[in-house]
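# Residue-level structure breakdown
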Amino acid sequence: MLQHDLEEALQQEERRSSSNSNRATKPKYDRVCRALQIKVTTLEVISASDLMDMEFEPTNMLIDRLIGRGVYLIAGSPKIGKSWLMLWLAHCVSTGTNLWEFHTEKHDVLYISLEDPHQRIQERLAKVTGGETGNIFFATETELMGKGFEEQITGFLVEHPSVKFIIVDTLQKVRQLRADQYSYAGDYEVISQMKSLADRFGITILLVHHTRKAGAADPFSMISGTTGLSGGVDGSLVMIKDERMDNRAKLYITGRDTLDMELELIFDQASSTWQFL
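Worth saying up front: this structure is predicted, and the values here are computed from it rather than measured.

Reading guide: rules and limits
Residues numbered from 1 in each chain as written. Predicted model: local features only at pLDDT ≥ 70, side-chain atom pairs only at ≥ 80, totals over all residues. Heavy atoms only, no water. Core = buried A, V, L, I, M, F, W, Y, C linked by side-chain atoms within 4.5 Å. Buried < 20%, exposed > 50% of the residue type's maximum accessible area, 1.4 Å probe, protein only. Helix = DSSP H or I, 4+ residues; strand = E, 2+ residues; numbered from the N terminus. Contact = heavy atoms within 4.5 Å. Axes fitted to C-alpha atoms, helices over the stretch in contact; angles between N-to-C directions. Parallel < 35°, antiparallel > 145°, perpendicular 65-115°, else oblique. Left-handed = near helix turned anticlockwise from the far one by under 90°. Nonpolar A, V, L, I, M, F, W, Y, C, P; charged D, E, K, R; others polar. Pairing = 2+ DSSP bridges. Phe/Tyr/Trp six-rings, centres within 6.5 Å; stacked < 30°, edge-to-face > 60°.

With that settled, consider the nonpolar core. One finds Leu66 and Trp100 to be the most contacted residues of the largest nonpolar core, which totals 38 residues. Considering every element that reaches this core, the biggest residue donor is helix α4 (residues 82-95), with 9 residues. Setting aside anything within four residues of it in sequence, one finds Leu66 in contact with Met61, Tyr72, Leu99, Trp100, Phe102, Ile253, Thr258, Met261 and Leu263. Among the nonpolar cores identified, the runner-up in size contains 31 residues, and Leu73, Ile112, Ala198 and Ile205 belong to it.

So, in structure tokens, the structure goes:
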């Protein structure tokens, strides 16, 4: 709308409101919105000086230098050993045991394992932990996102406030299967929904995902899907093997609260855990 048209619309709005005794106290912004027939809403802002005067509680890392609060994504080829690593992570957090050389906060854990039945989880957990672990809750079925998943997680966290770490294995299993969901906007929306849950409860959600078959110079470009996934999360981890049958892997880490890292791992058959080289 041209300036002249805006001024004319404002004049018309003022004439219509001239009989209203409260017109003078109505903000100009409100009158502009009414003149333009657009929704009356405001932009919440804070000045730099007020922001600098605010005090915040320190945000502790769940796993020092690797995983903080918020939503994280770990991707790797199918059957590469991600689930073994996830069980080990769950065990370390639930017991407060350091993950390799990285300090780990102790919290209860919810592990949503959607590709393994209870029997397989039990067998693997016994191998990884030796039969002794902390407080880990397991779920092997959930609703889809947008169809009850968020409500299920909210209800669980309300009943179990000590849970601060959720593993979703895999992300694909909780996404709706509509074709229009698999776009940048769809990928980003999925992460935004997860982020809302994480931020609301001050927790960490780790999403297990797959890499695409084609290689790339940048390991994070191998994450399956659009950049809406990697761009929306607080941090990404990518697990890569040079050879499928190899017992060694590289774990690449990047994030908003972490430094870029590359870790060399080896799978220890005796303990069924990934060890740091």
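Continuing now.
Here we take up the packing of helix α6 (residues 149-159) against helix α7 (residues 184-201). Packing of α6 against α7 leaves a shortest axis separation of 11 Å and a crossing angle of 15°. On the basis of the axis angle, α6 is roughly parallel to α7. Considering only the axes of α6 and α7, their crossing is right-handed. Packed against α6, whose contacting residues are Phe149, Glu150, Ile153, Thr154, Leu157 and Val158, the element α7 presents Gln193, Met194, Leu197, Arg200 and Phe201 at the interface. When its residues are assigned to classes, the contact of α6 with α7 shows 7 nonpolar, 2 polar and 2 charged.

The subject of this paragraph is the pairing of strand β4 (residues 163-169). Across the 7 residues of β4, 6 count as buried, placing the element largely inside the fold. Bridge analysis of β4 against strand β5 (residues 204-210) gives 5 bridges, and the strand direction is parallel. Looking at β5, one finds that Val168 is bridged to Leu207.

Looking now at the pairing of strand β6 (residues 235-240). Of all 6 residues in β6, 5 are buried; the element is thus mostly enclosed. Strand direction decides the pairing type here: β6 and strand β7 (residues 248-255), joined by 6 bridges, are antiparallel. Of the residues in β7, the one forming a bridge with Val238 is Tyr252.

What follows is about the packing of α4 against helix α5 (residues 118-129). Axis separation between α4 and α5 bottoms out at 10 Å; the angle between their running directions is 60°. What the angle tells us is that α4 and α5 run oblique. For the pair α4 and α5, the crossing hand works out as right-handed. Across from Ser83, Trp84, Leu87, Trp88 and His91 in α4, the residues of α5 making contact are Arg124, Leu125, Lys127, Val128 and Thr129. For the contact of α4 with α5, the residue count by class is 5 nonpolar, 3 polar and 2 charged.

A full pass over the atoms with the stated rule returns 7 aromatic pairs. Aromatic pair Tyr184 and Tyr188: ring centres 6.0 Å apart, planes at 20°, arrangement stacked. Here the residue Tyr184 and the residue Tyr188 both occupy positions in helix α7, the gap between them amounting to 4 residues, near one helical turn. Take Tyr188: its relative accessible area is 36%, and that puts it in the partly exposed class. Taken together through their ring pairs, the aromatic side chains of Trp84, Phe267 and Trp274 make up a single cluster.

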